[in-house]
Amino acid sequence: VSHHLTSYRGFIASWYIYFIDRVSNFFKNAKVLNTMANSAFQFKGRKSMRALGRFTINTILGLGGLFDVASKMGMPKPHEDFGLTLAYYGVGRGPYLVLPILGPTYLRDAFGMGVDSVVAGKTDIYKRMDLFSSSNAGLTVLRGVDMRKNIDFHYHQTNSPFEYEYVRFLYSKYRGIQEAASKQ
């Protein structure tokens, strides 16, 4: 009996991981539109068109973005957000913040996340295609689950008295790499 119970748990766990990965792919596909818009705001036409191509392929061939077909085809994953667009125009990072749920960020990037969220809500591509509204309660819950899944960090896991400084340093480097990549 215990062998069957273990097999059942493994089966459920594998389907749960499969389901969560599809949810993640769906939201990553929708975020590509933000990359497209922010690339256009920075006059990066090629990057914007690559993002549009990636979105189109994953939406059509990947069943609405549930499957990441574009990566399997070798298409790069471009990334731009409104915080990087503000950086492009010379807006400084501002003070370092640690926000509940969202974690470490800078003031400029927190503002950028807000703008990206508002724009995503106003340009709900799935609603415009008469499929469904991506701002309904069920999808909002799934978006929260996806965000939490993709943040593989928990405070106090390093057991260091200097954890705040450590995280601040690493986030600063991470964002610096994104800013440098954005300039290309």
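In what follows, the structure referred to is the one given above.
Just so you know, the residues in each chain are numbered from 1, in the order the chain's sequence is written. Totals for whole chains, interfaces and linings use all residues, but because this is a predicted model, local features are given only for residues with pLDDT of at least 70 and pairs of side-chain atoms are given and counted only at 80 or more. Values reported for side chains reflect all heavy atoms of the structure, with hydrogen atoms and water molecules removed beforehand.

Caption draft 1: How the structure looks around the packing of aromatic side chains. Classification of ring pairs rests on two measures: the distance between centres of Phe, Tyr or Trp rings, Trp counted by its six-membered ring, which must be within 6.5 Å, and the angle between planes, read as stacked under 30 degrees, edge-to-face over 60 and tilted in between. Counted by the stated rule, this structure contains 9 aromatic pairs. Ring centres 6.5 Å apart and planes at 50° place the aromatic pair Y96 and Y171 in the tilted group. Here Y96, found in strand 1 (residues 96-99), pairs with Y171, found in helix 8 (residues 163-182); they are 75 residues apart in sequence, far enough to count as distant. Here Y96 and Y171 have matching classes, each one buried. Taken together through their ring pairs, the aromatic side chains of Y96, Y106, Y164, Y171 and Y174 make up a single cluster. Throughout this description, the term charge over a ring refers to an Arg CZ or Lys NZ atom that lies within 6 Å of the ring centre and within 35 degrees of the ring normal. Over the ring of Y18 we find R22, and its NZ or CZ is 4.6 Å from the ring centre. Runs of H or I in DSSP of at least four residues are treated as helices and runs of E of at least two as strands, each being numbered from the N terminus. Categorising residues by exposure relies on relative accessible area from a 1.4 Å probe, with only protein chains included: less than 20% of the type maximum marks a residue as buried, more than 50% marks it as exposed, and the intermediate range marks it as partly exposed.

Caption draft 2: Seen up close, helix 8. To estimate the expected span of a helix, subtract one from its residue number and multiply by 1.5 Å. For helix 8, built from 20 residues, the straight-helix expectation of 28 Å at 1.5 Å per residue is met to within 8% by its first-to-last C-alpha distance of 28 Å. Listing the buried residues of helix 8 in full gives E163, V167, Y171, R175, Q178, E179 and S182. Burial along helix 8 is one-sided: seen end-on, the buried residues are contained in an arc of 130°. Contacts are assigned to residue pairs with any non-hydrogen atoms lying within 4.5 Å of each other. In this fold, the buried residues of helix 8 make contact with helix 2 (45-60), helix 4 (82-88), strand 1, strand 2 (103-106) and helix 5 (107-122). In this description, the arc belongs to the directions extending from the helix axis to the C-beta atoms.

Remember that the coordinates give geometry; whether it matters functionally is a separate question.
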